[in-house]
Amino acid sequence: MKRLMTLFFILMVTSQAHSYTFQSAKQWAFSIYYNHRKTFYCDCGYSTSGKVKAGQCGFSSYKNSERANWIEWEHVVPVSHFGKYFKEWKGGHQDCQGGNGKTYRGRRCLRKVSEKFKQIEGDLYNLVPVIGELNNARSNTRMGLIPGEKRFFGRCDFEVYRGVIEPRDEIKGDIARTYFYMDYRYPGFKIIAPKDRKMFEKWDREDPVDSWERERAWEIYEIQGNSNPYVLGFDD
C-alpha cells in the first residue's frame, strides 16, 4: 500500500524509525491523519493547525472551555490503566528528583526511567485525535453503556455519566479492537477488565473494520513495524 505523503509529513518527520516518546508519537499521528482530519468522538473536521471546526458537526462546549477549540491526542486505553503497574507510578525512583530535591512520580518519572513505559505510551495504535474538552471529560474513565441519550456537547454523541463514557456506535468497534490489540501486545497489564470483554466483543461484531481503520493500521504498521492483527488479521 502506498503511504499518503504530504509536505507536512516530509518536513516534520526526519527519521524512518519510530521513536517511542509521546511527543514524537503525536507528530507521527498528525501526519497519519493529515488527509483524514476528523476527530474521533464527534467526527468534526479540524484545520492543519489543529483548530476544531465545530460548526461542521454540531459540537458545542459544555463549559465554554478553551480546550474545546483544539484537538489533543488521546490514549484510547488511558495511560493510568497500564502506568499503575509500574512501581514508579506511585513510588517514584531515585533518578526522579526535581531541583528542590523532592521525588516526583507518575508518567513524568516513568518517561525518564522506563523504556517499556515509553513504548506503551507512544504506541500509535492507541492514539486518536479528539476535541480537547472531550479528552478532559474522558480522562481515565472506562468505556461502557449509558441508558438514554443524555448529551452535554451539542449533537456530538459522546455521553458521560457516573464514571462511564459511551461513544457513538460508529467507533465502538474501533475502540474494542484497540483494547484487544493493547491487551495482546502488552500482556500482564490487564488492559481489559473481565467484565468488559463481552461488551468489547459485541462492539467488534456490530461495528466491523472499515476502509479508514484499515488504511490507518497499514500506515502505523509502516512506521511502527508491528501489526494490529485485530484490524489487519492474524498470520496463519
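Presented here is a report on the structure given in the accompanying data block. (Residues numbered from 1 in each chain as written. Predicted model: local features only at pLDDT ≥ 70, side-chain atom pairs only at ≥ 80, totals over all residues. Heavy atoms only, no water.)

**Observations regarding the sheet that holds strand β5 (residues 142-143)**
- Strand order across the open sheet formed by 3 strands is β5-β7-β6, with mixed pairing between neighbours. The open sheet has two edge strands, β5 and β6 (159-161), and neither has a second partner.
- Pairing between β6 and strand β7 (residues 164-166): 3 bridges, direction antiparallel. When the bridges of β7 are listed, V160 appears paired with I165. (Pairing = 2+ DSSP bridges. Helix = DSSP H or I, 4+ residues; strand = E, 2+ residues; numbered from the N terminus.)

**Things to note about the packing of aromatic side chains**
- Going through the model one piece at a time under the given rule, you end up with 23 aromatic pairs.
- Ring centres of Y62 and F152 lie 5.1 Å apart, and the angle between their planes is 70°; this geometry places the pair in the edge-to-face category. A residue pair is termed long-range when its members are at least 10 positions apart, and Y62 in the loop between β2 (52-53) and β3 (71-75) and F152 in the loop between β5 and β6 qualify at 90 residues.
- Geometrically, the ring pair formed by Y179 and F200 is stacked, given 4.6 Å between the ring centres and 25° between the ring planes. Of this pair, Y179 sits in helix α8 (residues 172-185) while F200 sits in helix α9 (residues 194-206); the two residues are 21 residues apart in sequence, bridging distant segments of the chain.
- Relative accessible area serves as the criterion here: at 2%, F200 is assigned to the buried category.
- Of the aromatic side chains, those joined through ring pairs into one cluster are F40, Y41, F59, Y62, F152, F153 and F158. (Phe/Tyr/Trp six-rings, centres within 6.5 Å; stacked < 30°, edge-to-face > 60°. Buried < 20%, exposed > 50% of the residue type's maximum accessible area, 1.4 Å probe, protein only.)

**A closer look at the nonpolar core**
- The biggest cluster of nonpolar side chains holds 59 residues, and the ones touching the most others in it are F59 and F200.
- When residues of this core are traced back to their parent elements, those giving at least two are α2 (22-32), β3, α3 (79-83), α6 (115-121), β4 (127-131), α8, α9 and α10 (211-224).
- Setting aside anything within four residues of it in sequence, one finds F59 in contact with C42, C44, A54, A68, I131, E133, L134, F153 and C156. (Core = buried A, V, L, I, M, F, W, Y, C linked by side-chain atoms within 4.5 Å. Contact = heavy atoms within 4.5 Å.)

**Describing α10**
- For α10, with 14 residues, the first-to-last C-alpha span of 20 Å sits near the 20 Å given by 1.5 Å per residue.
- Those residues of α10 that are buried lie in contact with α2, β4, α8 and α11 (229-232).
- Where α10 ends, the next residue or the one after it, G225, has phi of about 90°, a positive value. (Expected span 1.5 Å × (residues − 1).)

**A short note on the pairing of β3**
- Where burial is concerned, most of β3 is hidden: 4 out of the 5 residues are buried.
- Examined bridge by bridge, β3 and β4 share 5 bridges and lie antiparallel to one another. Note on β4: the bridge partner recorded for I71 is I131.

**Let's talk about α2**
- Taken across its 11 residues, α2 has 8 buried, putting it largely inside the fold.
- Every buried residue of α2 is listed here: F22, S24, A25, W28, A29, F30, S31 and I32.

**Observations concerning the pairing of β4**
- In terms of burial, β4 is largely enclosed, as 5 of its 5 residues are buried.
- Every second residue of β4 is oriented toward a common face, with L127, P129 and I131 on one face and V128 and V130 on the other, all of them buried.

**Digging into the side chain of T178**
- As for its position among the elements, T178 is in helix α8.
- At a separation of 2.9 Å, a polar atom in the side chain of T178 contacts the main-chain carbonyl oxygen of D174.
- Once you skip the residues sitting within four places of it in the chain, T178 turns out to touch V76, Y125 and N126. (Polar contact = N/O pair within 3.5 Å; in protein donor to acceptor, adjacent residues only side chain to side chain.)

**Looking at the state of the cysteines**
- Under the definition given, this model contains 3 disulfides.
- Here C42 pairs with C156 through a disulfide, and the sulfurs are 1.9 Å apart. Residues C42 and C156 are joined by a disulfide whose S-S torsion is about -80°; by sign, that bridge is left-handed. Here C42, found in the loop between α2 and β1 (45-46), pairs with C156, found in the loop between β5 and β6; they are 114 residues apart in sequence, far enough to count as distant. Pair check on accessibility: C42 and C156 agree, each one buried.
- Through a disulfide, C44 is tied to C57; the S-S separation comes to 1.8 Å. Its S-S torsion of about 75° marks the bond between C44 and C57 as right-handed, since a negative value means left-handed. Of this pair, C44 sits in the loop between α2 and β1 while C57 sits in the loop between β2 and β3; the two residues are 13 residues apart in sequence, bridging distant segments of the chain. (Disulfide = S-S within 2.5 Å.)

Keep in mind these values describe shape, not function.
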